[in-house]
2 protein chains.
Amino acid sequence: MNKPLLASLLGLLPLATCLAQDYYADTRALWLQKAEQCKPVLTLTEKRPQHIVEMVKDTTAFQHYRSAQVAPAACLDTISFGDKKEIILDFGKHLTGHFSFAVRTTGLAADGPLRFRFTFGEVPSEVSVPFDPCPGTLSRAWLQDEVVTVMHVPDTITIPRRLAFRYVKIELLGYSPYYQFNLHDLKCMASTSATALPAPLPDTTSPLIRRIDQVGLNTLKECMQTVYEDGPKRDQRLWIGDLYLEALGNMHSYQQHDLTKRCLYLLAALSDTTGYLLATVIEQPVPRAQDGQFLFEYALLYNVALKDYLEATGDRTTAKDLWPVAKKQLDIVRTNVLPNGLMDYDKVNKAWWVFFDWREGLHKEAAMQGLSVFALRETYQLAQLLGCEKEVADLPALMKKMTKAARKYLYDRTTGFFTGMDNKQISYASQIWMILSGIATPEEGRRALAALPSAPDVCRPGTPYLYHYYIQALIDCGMEQEARQALTDYWGGMVRKGADTFWEAYDPDNDFLSPYYFHPMNSYCHAWSCTPVYFIRKYPDIFQK
Amino acid sequence: MNKPLLASLLGLLPLATCLAQDYYADTRALWLQKAEQCKPVLTLTEKRPQHIVEMVKDTTAFQHYRSAQVAPAACLDTISFGDKKEIILDFGKHLTGHFSFAVRTTGLAADGPLRFRFTFGEVPSEVSVPFDPCPGTLSRAWLQDEVVTVMHVPDTITIPRRLAFRYVKIELLGYSPYYQFNLHDLKCMASTSATALPAPLPDTTSPLIRRIDQVGLNTLKECMQTVYEDGPKRDQRLWIGDLYLEALGNMHSYQQHDLTKRCLYLLAALSDTTGYLLATVIEQPVPRAQDGQFLFEYALLYNVALKDYLEATGDRTTAKDLWPVAKKQLDIVRTNVLPNGLMDYDKVNKAWWVFFDWREGLHKEAAMQGLSVFALRETYQLAQLLGCEKEVADLPALMKKMTKAARKYLYDRTTGFFTGMDNKQISYASQIWMILSGIATPEEGRRALAALPSAPDVCRPGTPYLYHYYIQALIDCGMEQEARQALTDYWGGMVRKGADTFWEAYDPDNDFLSPYYFHPMNSYCHAWSCTPVYFIRKYPDIFQK
């Protein structure tokens, strides 16, 4: 990288980071430079629509709509669009990229402009339900409907925004009665940075698991752009939690470790001046973190992702470079642990976003304790791999103290469930994180996990994100058949409902679950849902038989 | 022009024009080449909004809306747009060009896209009334509302379509609750090919006429792009009728005769294979005429425009070049005149669009007869100027015969009005064209024109287009004071109603008159309305005193 570029990158950094009190003042610019050096070149592939379809209202279908083929997409070239007014095209698979189309007259010269609405959907319901008035709690602009005026015919138009879709509905909103026209050359220049195809699964693997694996690979590929995105439709950006799971999937499939490296450096370079990581980095128009966006467990999971990266690549240079970041995140635990060894739940909740799952009403006290211990343990292992364990010599005692406190205050020996100290909600999240942290013994874990499905008022996972940790907890407790069953039930459930890519939120009992109170706002190709790729390939004895 | 370019221009011509029966087979390509050589370079000027305004419902205002200033536009830089949701800006004058704006955050980094609707209006009502459902009979896409998604902030966006507007309403349709932003650097790169400012009117000219002249100059300037457009909002293209009047205005103001020359060549090059002119040329994406668009009086007025061009410039080369076109148009009259000397009204109406005015119910028989004789006379004068009168030696007798027929069959000596033979409708159009053709004597003309305003069930003009011919008829009859009064009443009426540029349709008694059944679809900067520029400067004794 030349000096002017380096200077311009420096210019991107918030002013505060240039001041003396910046925790990483000396290294940020270098980290950003290294992140840019790892920026992948996107592979572009031209994709054409496969079929003209209609969306059929069907209460047995996912979100009550299913697509039905009407004609091959090639028919579009020969029909006069003015007679159709609306048409839906199916590209046959989920795509991420830029959409373009051409318009031409089929008789007299065009004497006036055309106006279209293009609505892009990852799933059938998105091109079937009205978007306005929009009850969603995120920006209405995430919804992928674009109104396009074509002033002169013939013309070829590319919609400026990058889109994520399988289906596109085209509505004719304005036309002249004095000429006929049609649409042609509709295409998507699909982009991804995932190029190296993983080895296929052996023929012995069940068809359902092969299908789940393929959908997981599609999901991950679509999210691998110039960063690991959470979802190519929304939010189109790097979140630490998604990075952690995407990197796990990538390790066992595309193995494009430079993308992981880029993301680790970006997050470090754009962390808060206090040294704490911000949960998300927005790449466009210039890379920057979202100020003030502190997410408790994501900051800690960065350490785990860094350790995994080191183990997968042996790249000690990067791990050493970023070790100060991991070391600093430990303070999130250290500064929030009470004398009794429990995390100060209220204090953390005030200063941080504590996430764990999109499920309203989830009580996160036990999960917070468990994840904290999990992160301490993983970070200590990272220190050991780097020969830095003396720098974090307090960790073994701290883990022990926190484990003891959890077992004393949060475990009910009668029921066999971990809960909050006062709040006795029984949740998957609580059991999962007690198991992953090692606070629960494998036997206690097995007891809790076996009892969960039928526990009274149990709080179930609302996302594939938490479900990932559930599968891992089952495996860690030796419940291999249950892990296989849970994976094929849950991700297989999405496959049976027609998923080409796995969804951000999925509750088998509620197709309309939306963290944003409007199901078209959900992302239906979401990075954190790709992890069957990891499980199936990391644990062949469980999943490939 | 090099050969490949010439070849490509040849490629633009309809296939039929390349076949042997093409009337102008040998000369079309050359004409197109000459048209391209005269294509003006547009002058671009950056224009900024002047005020934030609100549109006030007011039944005394034009179309029931008037703008009221709220704050200087500079305030926009400092207010957070998310709190406003909607704002209307006034650029202070009518502009034609490309609009751009920039978006920036005012605090936290942008975590999601924005969605806006920009609605551009030439007059206040256009940014005040809903467009949908659109009852207009032309393409809905002419209405200037554009929905824009801004995926990344900060960014600068240029709306792709060229716009014609004074006001822009900005509505916020989608935003994230997690950051604040504002709009800044809003501007229009205004374009025109009219650069040479005409000499100012003398101080003795009345303020109202000075204002009418200025608004006329604005109108003409806005319509002078790479062709004489009819209106920069709609249809954005060359029509012969508009060309004729714009060229008259231009002769007496900007004097950019090359634009007239370009348009005359374009129309000739893209005429029908029969040799008849098509009424309109669409410049984008490549110049072509609208097939089948035969407009009776426009084809004939081409000859008048060519004669006027020759007189204004002395450019005999061009006039000689295009004389075959003018000569051919005479067949429109010759082939449609009955043995009794009247035009075959029904036959012409079947084969041609007979326009004269946007006024429902106008009976056009007398006007057709009058315009035909007018065109024959002007064409004969053109032939005399070029020394070609022997080629059209039949014209004097034909004019005489048609004049006699008109006086015999269409004139009612009792009432003093010209009407159709069976249809006795009294219209301005009939009297006007009988006067301009010389069929009516000046005295008969004066009698008819004086009686028109109070005639029973009189059919009045609906457009400035017909009003132009009305003013000319008054002048030709020596009714100078009435001409001045009519001009100041009619165009002054638009000025009093707030016009910055003159309108396509104007009925002093009906602000909502629309040829397309929806007043926002009207063009409010329309070429054929610019002719006060011509009258005021050609007849200083009448208008500049």
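The shown structure was predicted, so the numbers you read here are calculated from the model rather than taken from an experiment.

**Q** Please provide a residue-by-residue account of the pairing of strand S8 (residues 163–174) of chain B, values included.
**A** Residues and elements named next belong to chain B. Of all 12 residues making up S8, 11 are buried, and the element is well covered by its neighbours. The sheet contact formed by strand S4 (residues 86–105) and S8 spans 8 bridges and is antiparallel. The partner of Leu89 across the bridge, within S8, is Val168. When strand S5 (residues 114–121) meets S8, the two strands line up antiparallel, connected through 7 bridges. Its bridge partner being in S8, Arg115 is matched across the sheet by Gly174.

**Q** Could you give me a rundown of the pattern of salt bridges, with the residues and numbers involved?
**A** It is possible for side chains bearing opposite charge to pair when their charged atoms get close. Residues and elements named next belong to chain B. Evaluated as defined, the whole model comprises 62 salt bridges over all chains. The salt bridge partner of Lys34 is Asp321, with a shortest N-O separation of 2.7 Å. With Lys34 in helix H2 (residues 28–37) and Asp321 in helix H7 (residues 316–334), the pair connects residues that are 287 residues apart, well separated along the chain. Residue Asp321 is classed as partly exposed on the basis of its relative accessible area, which comes to 22%. Two residues, Lys497 and Asp511, come together in a salt bridge whose shortest N-O distance is 2.8 Å. Remark: Asp511 occurs in the loop between helix H14 (480–496) and helix H15 (532–538) and Lys497 occurs in the loop between H14 and H15; sequence separation between them is 14 residues.

**Q** Can you tell me about the interface of chain A and chain B, naming the residues and giving the values?
**A** Reports of interface size often rely on the accessible area that becomes lost once the parts have come together. Facing the 39 residues of chain A at the interface are 39 residues of chain B. When chain A packs against chain B, close to 3100 Å² is buried across both sides, 56% of that on carbon and sulfur atoms. Counting across the interface, chain A meets chain B through 2 salt bridges. Close ionic contact of Arg115 of chain B with Asp145 of chain A constitutes a salt bridge, the shortest N to O distance being 3.1 Å. Counting the contacts that link chain A with chain B gives 12 residue pairs in polar contact (both at pLDDT 80 or more). For the side of chain A that touches chain B, the secondary-structure elements that each account for two or more residues are strand S5 (114–121), strand S6 (145–150), strand S8 (163–174) and strand S12 (288–289) of chain A. For the side of chain A that touches chain B, the residue count by class is 20 nonpolar, 10 polar and 9 charged.

**Q** Mind laying out helix H9 (residues 365–386) of chain B, listing which residues take part and the relevant values?
**A** Residues and elements named next belong to chain B. Between its terminal C-alpha atoms H9 stretches 32 Å, which fits the 32 Å expected from 22 residues at 1.5 Å a residue. The buried fraction of H9 is high, at 18 of 22 residues. Phi for Gly387, located one or two positions after H9, is positive at around 70°.

**Q** Can you break down unusual backbone geometry residue by residue, with the values?
**A** Omega for the bond connecting Val153 of chain A with Pro154 of chain A falls within 30 degrees of zero, at 5°, which places this linkage in the cis form. Along the chain, Pro154 of chain A turns up in the loop between S6 and strand S7 (155–158). The omega torsion of the bond from Gln284 of chain B to Pro285 of chain B falls at -5°, within 30 degrees of zero and hence cis. Inspection of the secondary structure assignment puts Pro285 of chain B in the loop between strand S11 (280–282) and strand S12 (288–289). Not every positive phi belongs to a glycine, and His64 of chain A is a case in point at roughly 75°. Within the secondary structure, His64 of chain A sits in the loop between strand S2 (51–57) and strand S3 (65–72). Given the relative accessible area of 25%, His64 of chain A is considered partly exposed.

**Q** Please provide a residue-by-residue account of the sheet that holds S12 of chain B, values included.
**A** Read across the sheet, 3 strands follow the order S10-S11-S12 (chain B) without closing on themselves; strand pairing throughout is antiparallel. The sheet is open, and its two edges are formed by strand S10 (238–239) and S12 of chain B, each paired on a single side.

**Q** A description of the sheet that holds S12 of chain A should follow, citing residues and the corresponding values.
**A** Across a sheet, strands are paired by hydrogen bonds formed along the backbone, either parallel or antiparallel in direction. Strand order in the open sheet formed by 3 strands is S10-S11-S12 (chain A), with antiparallel pairing between adjacent strands. Looking at which strands have only one partner, the edges of the open sheet turn out to be strand S10 (238–239) and S12 of chain A.

**Q** Account for the environment of Glu146 of chain A, with residues named and values stated.
**A** For Glu146 of chain A, the position within the fold is in strand S6. For Glu146 of chain A, a relative accessible area of 7% corresponds to the buried category. Taking C-alpha positions, Glu146 of chain A is 45 Å from Leu436 of chain A, a pair spaced 290 residues apart along the chain. Apart from residues no more than four positions distant in its own chain, Glu146 of chain A is found in contact with Phe116, Arg117, Phe118, Ile159 and Arg161 of chain A together with Arg115 and Thr149 of chain B. A distance of 2.7 Å separates polar atoms of two side chains, one belonging to Glu146 of chain A and the other to Arg161 of chain A.

**Q** Tell me what's going on with the relation of the copies chain A and chain B, and back it up with residues and numbers.
**A** Note on the identical chains: chain A maps onto chain B by a rotation of 180° and an axial translation of 0.0 Å, with an RMSD of 0.0 Å. When the rotation and shift are considered jointly, the pair of chain copies conforms to a two-fold rotation axis. The rotation axis passes nearest to the C-alpha of Val147 of chain A in chain A, at a distance of 2.9 Å. A high fraction, 100%, of the interface residues of chain A reappear at the interface in chain B, so the copies pair face to face through one surface.

**Q** Outline the layout of surface pockets, listing residues and values.
**A** Roughly 780 Å³ of volume is contained in the second largest pocket. Lining the second largest pocket are 40 residues, and of these Tyr178 of chain A together with Leu138, Trp353, Trp358 and Tyr516 of chain B lie nearest its centre. Partitioning the lining of the second largest pocket into residue classes produces 17 nonpolar, 11 polar and 12 charged.

**Q** Please give an account of the packing of aromatic side chains that cites residues and values.
**A** Working definition: an aromatic ring pair is given by the centre-to-centre distance plus the angle between the planes. All names here are of chain B. One pass over the structure, following the stated rule, counts 102 aromatic pairs over all chains. Ring geometry for Phe296 against Trp352: centres 6.5 Å apart, planes inclined by 85°, an arrangement best described as edge-to-face. Taken together, the positions of Phe296 in helix H6 (residues 296–313) and Trp352 in the loop between helix H8 (345–351) and H9 put the pair 56 residues apart, joining distant regions of the chain. With a relative accessible area of 0%, Phe296 lands in the buried category. Under the relative-accessibility criterion, Trp352 is labelled buried at 9%.

**Q** Mind laying out the pairing of S2 of chain A, listing which residues take part and the relevant values?
**A** Bridge count between S2 of chain A and S3 of chain A: 7 bridges; the pairing is antiparallel. Across the sheet, the residue bridging to His51 of chain A is Pro72 of chain A, located in S3 of chain A.

**Q** Let's hear about the packing of helix H2 (residues 28–37) of chain A against helix H5 (residues 257–269) of chain A: which residues, and what values?
**A** Residue and element names in this part refer to chain A. Here H2 crosses H5 at 155°, and the two axes come no closer than 8 Å. Judged by the angle between their axes, H2 and H5 are roughly antiparallel. Of the two possible hands of crossing, H2 and H5 adopt the one that is left-handed. Contacts from Arg28, Trp31, Leu32, Lys34, Ala35 and Glu36 of H2 reach H5 at Arg262, Tyr265, Leu266, Ala268 and Ala269. Each residue belonging to the contact of H2 with H5 can be placed in one class, and the counts come to 7 nonpolar, no polar and 4 charged.

**Q** Tell me what's going on with the side chain of Glu222 of chain B, and back it up with residues and numbers.
**A** Residues and elements named next belong to chain B. Relative to the elements of secondary structure, Glu222 occurs in helix H3 (residues 207–223). Here Glu222 falls in the buried class, since its relative accessible area comes to 3%. If we ignore the near neighbours within four places in the chain, the residues touching Glu222 are His94, Leu95, Thr96, Pro232, Thr501 and Cys525.

**Q** Can you tell me about the side chain of Gln290 of chain B, naming the residues and giving the values?
**A** Within the element layout of this structure, Gln290 of chain B appears in the loop between S12 and H6. What makes Gln290 of chain B buried here is its relative accessible area of 3%. Of note is the side chain of Gln290 of chain B, whose polar atom sits 3.4 Å from the side chain of Arg237 of chain B. The residues touching Gln290 of chain B, leaving out its near neighbours within four places in the chain, are Ala109, Asp111 and Tyr178 of chain A together with Arg237, Leu278, Thr280 and Ile282 of chain B.

Calculation criteria
- Residues numbered from 1 in each chain as written.
- Chains lettered and ligands numbered in written order.
- Predicted model: local features only at pLDDT ≥ 70, side-chain atom pairs only at ≥ 80, totals over all residues.
- Heavy atoms only, no water.
- Buried < 20%, exposed > 50% of the residue type's maximum accessible area, 1.4 Å probe, protein only.
- Helix = DSSP H or I, 4+ residues; strand = E, 2+ residues; numbered from the N terminus.
- Pairing = 2+ DSSP bridges.
- Salt bridge = Lys/Arg side-chain N within 4 Å of Asp/Glu carboxyl O.
- Contact = heavy atoms within 4.5 Å.
- Buried area = accessible area lost by both parts, 1.4 Å probe.
- Polar contact = N/O pair within 3.5 Å; in protein donor to acceptor, adjacent residues only side chain to side chain.
- Nonpolar A, V, L, I, M, F, W, Y, C, P; charged D, E, K, R; others polar.
- Expected span 1.5 Å × (residues − 1).
- Least-squares fit on C-alpha atoms with pLDDT ≥ 70 in both.
- 1 Å grid on protein atoms, 1.4 Å probe; cavity = no way out; pocket = protein on both sides within 12 Å on 5 of 7 lines; lining within 4 Å.
- Points joined across faces, edges and corners; volume = space filled by probe spheres on them.
- Phe/Tyr/Trp six-rings, centres within 6.5 Å; stacked < 30°, edge-to-face > 60°.
- Axes fitted to C-alpha atoms, helices over the stretch in contact; angles between N-to-C directions.
- Parallel < 35°, antiparallel > 145°, perpendicular 65-115°, else oblique.
- Left-handed = near helix turned anticlockwise from the far one by under 90°.

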